[in-house]
Amino acid sequence: MNFSDTPRDPTVPRHVAVVMDGNGRWARKRYMPRVYGHKQGVDALVRAVNAFADRGVDYLTVFAFSSENWKRPSEEVSGLMGLVLVAVSKYLTKLAGDGVRVRIVGDRSKVSNKLREAWEYAERSTAHNTRINLSVAFNYGGRWDMVQACRHAMLDGVHPEALDEAALSRYMALSFAPDPDLFIRTGGEMRISNFLLWQSAYSEFVFTERLWPDFDETDIDAAIQAYRQRDRRYGGIPTEELVPQGI
Ligand code: FPP
C-alpha cells in the first residue's frame, strides 16, 4: 500500500528521534531481569512506530544499542543481541504489512554474521514501504558517525575545500532523512548520551519520566503537543519580534 499521497500536517514533526530509556528500571520494579524490560521495550517500539505513523510522522529513529552499551554485563549484551533475532522473526511480517520501512544505522563490523544477515533481510523485505521510515540505531554513537562520515569523505577523495556541512551530511548514517525535528528521551535522564549529535543541532527536546515500556499514545500526543508550542528559531530571533516586510 502507498501511504505517501496523504497531505502532511506541518505542525507534526516530520522526523522524531527517541532514546528509549528505562527498560532496566521497569523490569527491576517487577523483580525481573533487565532483559525482560528490553523485551517489553521491543513491544513498546512496535506500538510506537504505528502510533507515530498514524499521526503523520515520516521518520522515526530509535537508539537500541549504543557504541558504549558493550560495557554492560555480558548476559545483558547477549540478551539484547538475541532479542534482535527474536524481534525480527516475531515482528518483521507485521511491520512490513503495516507499511514500515526498516533500516539499521550503526557500525555493523562488530556484530555477528547472524545478526547482520537478519538486519539485511529486514531492510530488503521492507525496502518498498513508504508509510514510515523506522531507523534502528544499533552499535551507534554520534561521535562514531562523525568519524565514519569524515573517513568515507576522505576515501572518496573529497577535497578539504569542498567539505562543507552539506557535503559531510551526505556521508552521515542518516543521510537519507531530514534532521530530527523532535528528540524524545524517556526514563527521566536529561542527556543526549552520544545519540544523533550532528543531526540534533536544531531539534526540539522533550524529556519524560515515563519508562520506555510504558510509553504510550498519550505520551506521544503530549510530546507532539509540546513540540507544537515551541518557537523554532534556528539561531534567529523570536517570531513575535520579527518586523513585517515593508515597515
Ligand atoms: C535503555 O534502557 C535501553 C537500551 C539500552 C536498549 C533499548 C532497546 C530496546 C527497547 C530494544 C530494541 C531492540 C530492537 C531489536 C529494536 P536501560 O537499560 O538503560 O534502562 P535503565 O536506565 O532503567 O537501566
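The preceding data block contains the structure.
Residues numbered from 1 in each chain as written. Predicted model: local features only at pLDDT ≥ 70, side-chain atom pairs only at ≥ 80, totals over all residues. Heavy atoms only, no water.

## Focus on the overall build of the protein
When helices and strands are counted, the protein shows seven helices and six strands. For the protein, the sequential pattern of α-helices and β-strands runs β-α-α-β-α-β-α-β-α-α-β-β-α. A compact globule built from 247 residues should have a C-alpha radius of gyration of about 18 Å, and the protein, at 19 Å, falls within 12% of that. Dimensions of the protein, computed from the C-alpha atoms along their principal axes, are close to 65 × 50 × 40 Å. Taking all 247 residues of the protein together, the buried fraction comes to 46%. Nonlocal contacts in the protein, meaning residues at least 24 apart in sequence, comprise 76% of its contacts between residues at least 6 apart. Here the protein displays about 13300 Å² of accessible surface, and carbon together with sulfur accounts for 53% of that area. Charge-centre separation for the protein: the mean point of 32 positive side chains lies 6 Å from the mean point of 32 negative side chains. (Helix = DSSP H or I, 4+ residues; strand = E, 2+ residues; numbered from the N terminus. Rg over C-alpha atoms; globule rule 2.2 N^0.38 Å. Buried < 20%, exposed > 50% of the residue type's maximum accessible area, 1.4 Å probe, protein only. Contact = heavy atoms within 4.5 Å. Areas by Shrake-Rupley, 256 points an atom, 1.4 Å probe, with all protein chains shown as cover. Lys, Arg positive; Asp, Glu negative; His and termini not counted. Charge placed at Lys NZ, Arg CZ, Asp CG, Glu CD.)

## Overview of the site of the ligand
If you check the shell around the ligand, you find 18 residues, and the closest are Asp 21, Gly 24, Arg 25, Arg 34 and Arg 72. At a separation of 2.9 Å, an oxygen atom of the ligand approaches a polar side-chain atom of Asp 21. Note that an oxygen atom of the ligand is positioned 3.3 Å from one of the backbone N or O atoms of Asn 23. Against a free-state accessible area of 620 Å², the protein chains account for coverage of 90% of the ligand. Elements represented by at least two residues in the shell around the ligand include exactly helix H1 (23-28), helix H2 (34-54) and helix H3 (74-97). The biggest single contributor to the shell around the ligand is H2, with five residues. Looking at the shell around the ligand residue by residue, the class counts come to seven nonpolar, six polar and five charged. (Near = heavy atom within 4 Å. Polar contact = N/O pair within 3.5 Å; in protein donor to acceptor, adjacent residues only side chain to side chain. Nonpolar A, V, L, I, M, F, W, Y, C, P; charged D, E, K, R; others polar.)

## Focus: the pairing of strand S4 (residues 132-140)
Summarising burial for S4: nine of the nine residues are buried, a large majority. Where strand S3 (residues 100-105) meets S4, six bridges bridge the pair, whose relative direction is parallel. When the bridges of S4 are listed, Arg 103 appears paired with Ser 135. (Pairing = 2+ DSSP bridges.)

## Side note on H2
Taking 1.5 Å of rise per residue, the 21 residues of H2 would be expected to cover 30 Å, and the 30 Å separating its terminal C-alpha atoms lies within 8% of that figure. Across the 21 residues of H2, 15 count as buried, placing the element largely inside the fold. (Expected span 1.5 Å × (residues − 1).)

## What about the packing of aromatic side chains?
Counted according to the given criterion, the structure contains 13 aromatic pairs. A ring pair is formed by Trp 119 and Phe 138, whose centres lie 5.3 Å apart and whose planes are at 65°; its orientation type is edge-to-face. Pair noted here: Trp 119 is in helix H4 (residues 113-126) and Phe 138 is in strand S4, with a separation of 19 residues, a long-range link. Residue class for Trp 119 comes out buried when judged on its relative accessible area of 7%. With a relative accessible area of 4%, Phe 138 lands in the buried category. Ring geometry for Trp 212 versus Phe 215: centroids 5.1 Å apart, planes at 20°, classification stacked. Residue class for Trp 212 comes out buried when judged on its relative accessible area of 1%. When the ring centre of Trp 26 is taken as origin, the NZ or CZ atom of Arg 30, which lies over that ring, is 3.8 Å away. (Phe/Tyr/Trp six-rings, centres within 6.5 Å; stacked < 30°, edge-to-face > 60°. Lys NZ or Arg CZ within 6 Å of the ring centre and 35° of its normal.)

## Looking at the environment of Glu 76
When you line up the elements, Glu 76 lands in helix H3. For the pair formed by Glu 76 and Arg 101, sequence separation is 25 residues and the distance between their alpha carbons is 27 Å. Excluding anything up to four places from it in sequence, Glu 76 contacts Arg 34, Val 35 and His 38.

## A word on the packing of H3 against H4
The N-to-C vectors of H3 and H4 enclose an angle of 15°; their axes lie 10 Å apart at closest approach. With respect to each other, H3 and H4 are oriented roughly parallel. For the element pair H3 and H4, the recorded crossing hand is left-handed. On H4, the residues that touch Met 81, Val 84, Leu 85, Val 88, Leu 92 and Ala 96 of H3 are Lys 114, Leu 115, Ala 118, Trp 119, Tyr 121, Ala 122, Ser 125 and Thr 126. Across the contact of H3 with H4, the residue classes break down as 11 nonpolar, two polar and one charged. (Axes fitted to C-alpha atoms, helices over the stretch in contact; angles between N-to-C directions. Parallel < 35°, antiparallel > 145°, perpendicular 65-115°, else oblique. Left-handed = near helix turned anticlockwise from the far one by under 90°.)

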